[in-house]
Amino acid sequence: MHGTSILEEADRLMTVCNSCRYCEGLCAVFPAMEMRRSFSDGDLNYLANLCHACGACYTDCQFSPPHEFNVNVPKTLAVARHESYAAYAWPQAFAGLFARNGLVISLTAALSVAAFILGFAVFNDRQILFGVHGGPGAFYKLMPHHAMAALFSATLLYAIVALAMGVRAFWRDIGEPIGMKTDAASLWQAIRDAGELRYLDGGGVGCFNKDDDRPTDRRKLYHHFTFYGFALCFAATSVATLYHYLFAREAPYPWWDLPVVLGTLGGVGLLVGPVGLLAEKWKRDPVLADEARTGMDVAFIVMLFLTSLTGMALLLMRQTAAMGPLLALHLGVVFALFITMPYGKFVHGIYRFVALVRYAQERRAMGHV
Ligand code: SF4
Ligand code: SF4
C-alpha cells in the first residue's frame, strides 16, 4: 500500500515496465527501476524526480493508451513528482502553496514589496524617488544599503533553510546509501549529468511535442539558457557583494565591470530561456503533462523572466529618473522569487540533482561505472 493513489499507479507502471524493459536505454529512470523488485514511496519519488518528462517512453510504448494496460509513464511520474514537492515541503503548513495559483501569489508579493519600497522612499524624500542619480551608491539613495541587505539576506536565508529541510526529508525518504555524502565520484558524476541535462533528450532524439513531426532538442536548449542564466546572475550578485564588503566599492558599477558583465549575460539567458520554455510548454502534448499543476511551472518561469526584464531595464535606465521606480520593482520581483522558491517549481532542479547523486552512487555500487 502506498500513501497516495498516484504512487499506487506509479508502482503498477514500474512493475509492468520491469517486466518489459524495452525503454531501458532512454534515460536514468529505467535502469534505476531495474535495480529494484518492489517500490517503496521513497523509491517511486526518487524515480519520479529522475524523470525529465521527455515523452520518449510514451511514444515508444506498445502498452500506452488505448492499450488496456494504459501505460503512461511521463504523466504518472509528472504528477508523482509534483506531489513529492508538497510532501517534502518545510514547513508542512505551506505545502498547499504548491497547489494554489503561484503566479498570483508571486506577483502580489512582488508588487507589495515594490509598493513598500516606493512608499518608504516617498515618505523620506519624494525628490529622491524621481531624481536622477549617478555614481557609486546611487541605488542606496532609494533605500539604505543596510536595510536592503537585511531584507534580502533574511529572505534568502529563509529560502535556503526551507529548501534544505525539504531536501533533507527527500534525501532520507529515498533511502540514503551508506557513505553517500563522502562519495565524491558520484557527486562529480551527478554535477556533470545535471550540467549537461544528460537525460533530457529522449534517449538522444529530443523531446516530443504535440505539433512537431519529430522530437527536438529545444526544451533542453531553453533549460540550458535558463539554468546558466540564473547561475550567471547569482555569480554577478556574489561578486557585487564581495566588491561591497571587501573593497568598499558600491553599486552601480560601470558596464565593463565584472558584476555587470556577468549580470548582463545571465540576464539575456533569463530572457531567452523562460520565453522558450513557455513556448515549449504550450506545445507539449497534454497527454504527457500534469495539466492540473501547469500553473506552478508557469509562475516560476514568469518570475524568472520578470527578474531579468526588470534588472535589464534598470541597467539601461539607471542614469534616468526611472531608476527609483525600476529599482523598487526589481527588488520586489527578486523578493517574491526568493520567498516562493521553496514552494514552487524551483525545487525541481534541486530534487533532480539529489536523485542524480543517488543514481550515480547506485550505478557505482552495481559496478556499472
Ligand atoms: S514504457 Fe512501455 S515500452 Fe517502455 S518499458 Fe514501460 S511498458 Fe515497456
Ligand atoms: S519521460 Fe523521458 S525521462 Fe521520463 S521516464 Fe520516460 S523516457 Fe525517461
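Residues numbered from 1 in each chain as written. Chains lettered and ligands numbered in written order. Predicted model: local features only at pLDDT ≥ 70, side-chain atom pairs only at ≥ 80, totals over all residues. Heavy atoms only, no water.

### What to know about the overall build of the protein chain
Counting its secondary structure elements, the protein chain contains 14 helices and zero strands. Counted from the first residue to the last, the protein chain has its helices and strands arranged as α-α-α-α-α-α-α-α-α-α-α-α-α-α. A globule of 369 residues ought to have a C-alpha radius of gyration of about 21 Å, and the protein chain, at 22 Å, matches this closely. Once the C-alpha set of the protein chain is aligned to its principal axes, its extents read approximately 70 × 45 × 40 Å. Out of the 369 residues in the protein chain, the part that is buried amounts to 50%. Within the protein chain, contacts between residues at least 6 apart in sequence are counted, and of these 76% link residues at least 24 apart. Approximately 17500 Å² of the protein chain is accessible, and the part contributed by carbon and sulfur atoms is 66%. The protein chain carries 30 positive and 29 negative side-chain charges, and their two centres are separated by 5 Å. (Helix = DSSP H or I, 4+ residues; strand = E, 2+ residues; numbered from the N terminus. Rg over C-alpha atoms; globule rule 2.2 N^0.38 Å. Buried < 20%, exposed > 50% of the residue type's maximum accessible area, 1.4 Å probe, protein only. Contact = heavy atoms within 4.5 Å. Areas by Shrake-Rupley, 256 points an atom, 1.4 Å probe, with all protein chains shown as cover. Lys, Arg positive; Asp, Glu negative; His and termini not counted. Charge placed at Lys NZ, Arg CZ, Asp CG, Glu CD.)

### With respect to helix α1 (residues 5-20)
For α1, spanning 16 residues, the distance from its first C-alpha to its last is 23 Å, which sits close to the expected 22 Å at 1.5 Å a residue. Buried residues of α1: I6, L7, A10, D11, L13, M14, V16, C17 and N18, and no others. At its buried positions, α1 is contacted by α2 (29-34), α3 (41-50) and α5 (73-88). Positive phi appears at R21, one or two residues downstream of α1, with a value of about 65 degrees. (Expected span 1.5 Å × (residues − 1).)

### Examining the site of ligand 1
Around ligand 1 sit C17, C20, R21, Y22, C23, F30, C57, C61, Q62, F63 and V71, and that is every residue in its neighbourhood. In the shell around ligand 1, the residues fall into nine nonpolar, one polar and one charged. (Near = heavy atom within 4 Å. Nonpolar A, V, L, I, M, F, W, Y, C, P; charged D, E, K, R; others polar.)

### Overview of the site of ligand 2
Inspection of the region around ligand 2 gives L26, C27, V29, F30, C51, H52, A53, C54, G55, C57, V73 and P74 as its neighbouring residues. When contributions to the shell around ligand 2 are tallied by element, the ones reaching two or more residues are α2 and α5.

### Let's talk about a nonpolar patch on the surface
Taken together, L221, F225, V268 and V272 make up a surface patch of nonpolar side chains, about 290 Å² in accessible area. For the nonpolar patch, the elements supplying multiple residues, two or more each, are α10 (218-247) and α11 (258-283). For L221, the position within the fold is in helix α10. On the basis of relative accessible area, L221 is assigned to the partly exposed category, the value being 42%. (Patch = residues over 30% accessible without salt bridge, like charges linked within 9 Å, V, L, I, M, F, W, Y side chains within 5 Å. Salt bridge = Lys/Arg side-chain N within 4 Å of Asp/Glu carboxyl O.)

### Side note on unusual backbone geometry
Here the amide bond leading from P65 into P66 is cis, since omega sits at 15 degrees, within 30 degrees of zero. In this fold, P66 is placed in the loop between α4 (56-59) and α5. P91 follows W90 through a cis peptide bond whose omega is -10 degrees. Along the polypeptide, P91 turns up in the loop between α5 and α6 (102-124). Phi at N70 takes a positive value of approximately 50 degrees, unusual for a residue other than glycine. Summarising the element assignment, N70 is placed in the loop between α4 and α5.

### Examining the side chain of T307
With respect to the helices, strands and loops of the structure, T307 is situated in helix α12 (residues 294-316). With sequence-adjacent residues up to four places away left out, T307 is seen in contact with H330, V333, V334 and L337.

### Section: the layout of surface pockets
Estimates place the volume of the second largest pocket at around 250 Å³. Taken together, 21 residues make up the lining of the second largest pocket; nearest its centre are I105, S106, T340, Y343 and G344. Of all elements in the fold, only α6, α12 and α13 (323-340) reach the threshold of two or more residues within the lining of the second largest pocket. Here the residues of the lining of the second largest pocket are counted per class, giving 15 nonpolar, four polar and two charged. (1 Å grid on protein atoms, 1.4 Å probe; cavity = no way out; pocket = protein on both sides within 12 Å on 5 of 7 lines; lining within 4 Å. Points joined across faces, edges and corners; volume = space filled by probe spheres on them.)

### Remarks on helix α8 (residues 145-173)
In this model α8 runs 42 Å from its N-terminal to its C-terminal C-alpha over 29 residues, within 8% of the 42 Å that 1.5 Å per residue would give. Those residues of α8 that are buried lie in contact with α3, α5, α10, α13 and α14 (347-365). Downstream of α8 by one or two residues, G175 has phi in the positive range, about 85 degrees.

### A look at the packing of α1 against α3
Helix packing for two helices is described by the angle between their axes and how far apart those axes are. Closest axis-to-axis distance for the α1/α3 pair is 10 Å, and the angle between their directions is 75 degrees. As far as their axial angle goes, α3 and α1 are roughly perpendicular. Residues L7, A10, D11 and M14 of α1 pack against D41, L44, N45 and L47 of α3. For the contact of α1 with α3, the residue count by class is five nonpolar, one polar and two charged. (Axes fitted to C-alpha atoms, helices over the stretch in contact; angles between N-to-C directions. Parallel < 35°, antiparallel > 145°, perpendicular 65-115°, else oblique.)

### Regarding the packing of aromatic side chains
According to the stated counting rule, one finds 15 aromatic pairs in the structure shown. An angle of 75 degrees between the planes, with centres 6.5 Å apart, marks the rings of F152 and F338 as edge-to-face. Residue F152 is found in helix α8, and its partner F338 is found in helix α13; the two are separated by 186 residues along the sequence. A relative accessible area of 11% places F152 in the buried class. Classification of F338 as buried rests on a relative accessible area of 16%. Here R358 stacks its cationic end above the ring of Y46, 5.4 Å away from the centre of that ring. (Phe/Tyr/Trp six-rings, centres within 6.5 Å; stacked < 30°, edge-to-face > 60°. Lys NZ or Arg CZ within 6 Å of the ring centre and 35° of its normal.)

This is a description of form; function is not addressed.
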